[in-house]
Amino acid sequence: MMIQVPEVLTREQVAEVRRLILAADWVDGNVTSGAQAALAKRNRQLPEDSPAGKRAGEIVLDALGRNALFMAAALPAKVWPPLFNRYEGGEQFRMHVDNAVRLKRGGTERLRSDLSATLFLSDPETYEGGELTIEDSYGAHAVKLAAGDLILYPASSLHHVTPVTSGERLASFFWIQSMIRDDAQRRVLFDLDAAVQRLVAELGQGHAAVVALTGTYHNLLRMWVDV
Ligand code: NI
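By convention here, each chain's residues receive numbers from 1 onward along its written sequence. In keeping with the predicted nature of the model, local features appear solely for residues at pLDDT of at least 70, side-chain atom pairs appear and are counted solely at 80 or more, and the whole-chain, interface and lining totals rest on all residues. Calculated side-chain values reflect all of the structure's heavy atoms, with hydrogen atoms and water omitted.

### Some words on the overall build of the protein chain
Scanning the protein chain from N- to C-terminus turns up six helices and 17 strands. Each of the three principal axes of the protein chain carries a C-alpha extent, and together these read 60 × 35 × 35 Å. Buried residues are those whose accessible area, probed at 1.4 Å on protein chains only, stays under 20% of the maximum for their type, while exposed residues exceed 50% and partly exposed ones sit between those limits. Across the 227 residues in the protein chain, those meeting the buried criterion constitute 46%. Residues count as neighbours in contact if any of their non-hydrogen atoms are within 4.5 Å of one another. In the protein chain, once contacts between residues fewer than 6 apart in sequence are set aside, the share between residues at least 24 apart is 78%. All accessibility values rest on the Shrake-Rupley procedure with a 1.4 Å probe; residue burial counts only the protein chains present in the view. In the structure as shown, the protein chain presents an accessible area of about 11200 Å², 54% of it carried by carbon and sulfur atoms. A distance of 5 Å separates the average location of the 24 positive side-chain charges in the protein chain from that of its 28 negative side-chain charges. Helix and strand assignments come from DSSP, with helices taken as H or I runs of at least 4 residues and strands as E runs of at least 2, each series counted from the N terminus. Residues scored as charged are limited to Lys and Arg (positive) and Asp and Glu (negative), so that His and the chain ends carry no count. The atoms used to mark charge sites are NZ of Lys, CZ of Arg, CG of Asp and CD of Glu.

Spelled out as structure tokens, the structure:
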């Protein structure tokens with residue numbers, strides 16, 4: 001499933017992240033690519049060990065940890081430290097699927113990429129092109145969100161970023177290993193959680209139906225969880 005998470009970052013946080021990363025040194029975007037993606041990718045990135053990128057990434061991670069919609073949709077077990085990219089002057093990323101497993105540089109820690117995330121850091125009216133286009137069984141979806149908004153989508157999806165023909169597109173991107181590996185199971189839990197939250201608002205936390213459905217949510221989670 002594809003989920004938009006609005007206002008992950010406030011305007012002030014977007015400005016702070018942009019200030020940090022724009023002052024840093026950028027490199028060819030292929031530093032994190034597999035061999036096939038390297039042929040498809042034309043952009044720049046902050047190196048994974050960039051101090052400015054790490055500080056900006058902590059702002060993003062901190063905001064995600066406090067975002068109820070992100071937590072309910074992703075049910076994260078591990079979140080890859082956020083990376084940052086920029087596209088300008090016709091740069092693009094042609095159709096690809098993200099790597100299934102990420103390995104921390106110089107380390108042994110692995111992450112299975114269940115979900116991919118892009119957090120937009122440029123206002124859409126400041127650049128032309130740069131749509132993140134994601135394919136699923138319903139067709140292709142072009143995504144171009146306000147600065148501070150995030151899109152969460154299955155890492156198994158074919159996707160591409162169209163050429164940025166004017167202006168500059170800044171974004172943060174990262175991957176999530178979910179406690180619920182299966183996209184369809186995660187969707188059931190997300191929908192049930194949203195319905196329970198609506199019932200809580202109407203009936204109150206202590207209503208017998210709310211208590212029962214909350215129990216069902218946790219029992220499904222227990223059945224499927226991978227910790
Ligand atoms: Ni990708």
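### Brief notes about the domain arrangement of the protein chain
Split by domain assignment, the protein chain resolves into domain 1 (3-178) and domain 2 (183-224). Between the C-alpha centres of domain 1 and domain 2 there is a distance of 30 Å. Across the contact, 10 residues belong to domain 1 and seven residues belong to domain 2. Two parts lose some accessible area (1.4 Å probe) when they are put together, and adding that loss for both gives the buried area. Buried area between domain 1 and domain 2, summed over both chains or domains, comes out near 620 Å², and the portion from carbon and sulfur atoms is 69%. When the area that domain 1 buries against domain 2 is broken down by residue, the three leading residues are I3, A72 and L75, summing to 55%. Side-chain atoms alone can form a polar contact between residues adjacent in sequence; in general such a contact is a pair of N or O atoms within 3.5 Å, and within protein one must be able to donate a hydrogen while the other accepts it. At the junction of domain 1 with domain 2, the criterion picks out one residue pair in polar contact (both at pLDDT 80 or more). The residue inventory of the side of domain 1 that touches domain 2, partitioned by class, reads eight nonpolar, one polar and one charged. Here the bounds of each domain stem from an automatic or database domain assignment. Under the scheme applied here, ten amino acids are nonpolar (Ala, Val, Leu, Ile, Met, Phe, Trp, Tyr, Cys and Pro), four are charged (Asp, Glu, Lys and Arg), and all others, including Gly, are polar.

### Some remarks on a nonpolar patch on the surface
A surface patch of nonpolar side chains, about 220 Å² in accessible area, is lined by M95, V97 and L158. With respect to the secondary-structure elements, M95 resides in strand 7 (residues 92-96). Surface patches are defined over residues having more than 30% relative accessible area and no salt bridge, joining like charges when they lie within 9 Å and nonpolar side chains (Val, Leu, Ile, Met, Phe, Trp, Tyr) when within 5 Å. Here a salt bridge means any side-chain nitrogen of Lys or Arg lying within 4 Å of a carboxyl oxygen belonging to Asp or Glu.

### Quick notes on the sheet that holds strand 3 (residues 41-42)
The strand order across the open sheet formed by five strands is 3-7-15-12-13, and the pairing between neighbours is antiparallel. Strand pairing shows two members of the sheet lacking a second neighbour, strand 3 and strand 13 (139-143), which therefore form its edges. Note: two strands are recorded as paired if DSSP finds a minimum of 2 bridges between them.

### Concerning the pairing of strand 13
Pairing of strand 12 (residues 132-136) with strand 13 involves five bridges; the strand directions are antiparallel. Looking at the pairing, D136 lines up with G139 of strand 13. Between strand 12 and strand 13, which follow one another and run antiparallel, lie two residues.

### Comments concerning the packing of helix 1 (residues 11-22) against helix 3 (residues 51-65)
The contact between helix 1 and helix 3 brings their axes to 8 Å, and the two run at 165°. Between helix 1 and helix 3, the crossing angle belongs to the class labelled roughly antiparallel. Considering how the two elements wind past one another, helix 1 and helix 3 form a crossing that is left-handed. Across from Q13, E16, V17, L20 and I21 in helix 1, the residues of helix 3 making contact are A52, R55, A56 and I59. Of the residues in the contact of helix 1 with helix 3, the class split is six nonpolar, one polar and two charged. Helix axes are fitted only over the stretch in contact, all axes being lines through C-alpha atoms; the angle between N-to-C directions runs from 0 to 180 degrees. Any angle from 65 to 115 degrees is called roughly perpendicular, while one under 35 is roughly parallel, one over 145 is roughly antiparallel, and all others are oblique. Crossings are sorted by hand: turned counterclockwise from the far helix by less than a right angle, the near helix makes the crossing left-handed, and turned clockwise it makes it right-handed.

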